[in-house]
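Architecture and fold: a report
Chain residues, written in single-letter form:
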Amino acid sequence: MASWLVWAGALATTLVLAAWCTPRAWWRRPNLRALAVVAGGTLGVGLLFSALLPAAPVPVAVAAGPAAGARYLVVDDLNLREDRGVRAPRMRVLRPGTVVSATGATDGDWWRVRVEGSGVEGWASSLWLRRTDERH
């Protein structure tokens, strides 16, 4: 939004300055000289206005991983693995409805989880987990 205002202000400023600082004969008929004054002035003033504006804040990346201790529900058969990745050895298969808690360790979509009730820890794909308070 601010960039549109900057360029609109630059065009308005250029038109006002061109009306005051150039001969009237230039503006009686559209010509390349008038177009060059407007285009060049708008570019110059727009860049000046842009440089004077404060820099836009840099967006902060929000961690998408789970908070340690957060509880999740397994929604489909889920392989609990010794390490991250589909080639890691499978420790067990968690059935739908099993509740796991996150340890906080993540690697992309792979989360380290602890199976509630048994205390077994392993890596699981977060694509098959839903928050316990989430409706299906």
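Bear in mind the structure is a predicted one, so any value in this text is a computation, not a measurement.

The next thing to look at is the confidence of the model for the protein chain. Summary statistics for the protein chain give a mean pLDDT of 86 and a share of 94% for residues scoring 70 or more. Helix 1 (residues 2-21) is the least confidently modelled element of the protein chain, averaging 85 in pLDDT, while strand 2 (residues 78-81) averages 96, the highest of any element.

Here the focus is helix 2 (residues 32-52). Helix length check: helix 2, at 21 residues, gives a terminal C-alpha distance of 30 Å against a target of 30 Å (1.5 Å per residue), a fit within 8%. For helix 2, the set of buried residues is Ala34, Val38, Thr42, Val45 and Gly46. Considered in projection along helix 2, the buried side chains sweep an arc of 110° and stay on one side of the axis. Opposite its buried face, helix 2 presents the exposed residues Leu32, Leu47 and Ala51, each directed more than 90 degrees away. For helix 2, the secondary structure elements touched by its buried residues are helix 1.

On to helix 1, then. Between its first and last C-alpha atoms helix 1 spans 28 Å; for 20 residues at 1.5 Å apiece the expected length is 28 Å, and the two agree. On its buried face, helix 1 is in contact with helix 2.

Turning to the nonpolar core, a few remarks are in order. In terms of nonpolar packing, the biggest core is built from 13 residues, with Leu80, Leu94, Val100, Val113 and Leu129 touching the most fellow members. Element by element, the count of residues in this core is highest for strand 5 (residues 110-115), at 3 residues. In this structure Leu80 touches Pro89, Arg90, Met91, Arg92, Leu94, Val113, Val115, Val120, Glu121, Gly122, Trp123 and Ala124, once residues within four positions along its chain are discounted.

Tallied over the full model, the rule gives 6 salt bridges. The shortest N-O distance in the salt bridge between Asp83 and Arg84 comes to 3.8 Å. Residue classification places Asp83 among the partly exposed positions, given a relative accessible area of 38%. Given the relative accessible area of 37%, Arg84 is considered partly exposed.

Now for the packing of aromatic side chains. For the structure on display, the rule yields 1 aromatic pair. A cation over a ring is seen here: Arg84 above Trp123, with NZ or CZ 4.6 Å from the ring centre.

Let's shift gears to the side chain of Thr14. Inspection of the secondary structure puts Thr14 in helix 1. Here Thr14 falls in the buried class, since its relative accessible area comes to 6%. Looking at Thr14, its side chain comes within polar contact range of the main-chain nitrogen of Thr42, at 3.1 Å. The residues touching Thr14, leaving out its near neighbours within four places in the chain, are Val37, Val38, Gly41, Thr42 and Val45.

Reading guide: rules and limits
- Residues numbered from 1 in each chain as written.
- Predicted model: local features only at pLDDT ≥ 70, side-chain atom pairs only at ≥ 80, totals over all residues.
- Heavy atoms only, no water.
- pLDDT = per-residue confidence, 0-100.
- Helix = DSSP H or I, 4+ residues; strand = E, 2+ residues; numbered from the N terminus.
- Expected span 1.5 Å × (residues − 1).
- Buried < 20%, exposed > 50% of the residue type's maximum accessible area, 1.4 Å probe, protein only.
- Arc of directions from axis to C-beta.
- Contact = heavy atoms within 4.5 Å.
- Core = buried A, V, L, I, M, F, W, Y, C linked by side-chain atoms within 4.5 Å.
- Salt bridge = Lys/Arg side-chain N within 4 Å of Asp/Glu carboxyl O.
- Phe/Tyr/Trp six-rings, centres within 6.5 Å; stacked < 30°, edge-to-face > 60°.
- Lys NZ or Arg CZ within 6 Å of the ring centre and 35° of its normal.
- Polar contact = N/O pair within 3.5 Å; in protein donor to acceptor, adjacent residues only side chain to side chain.

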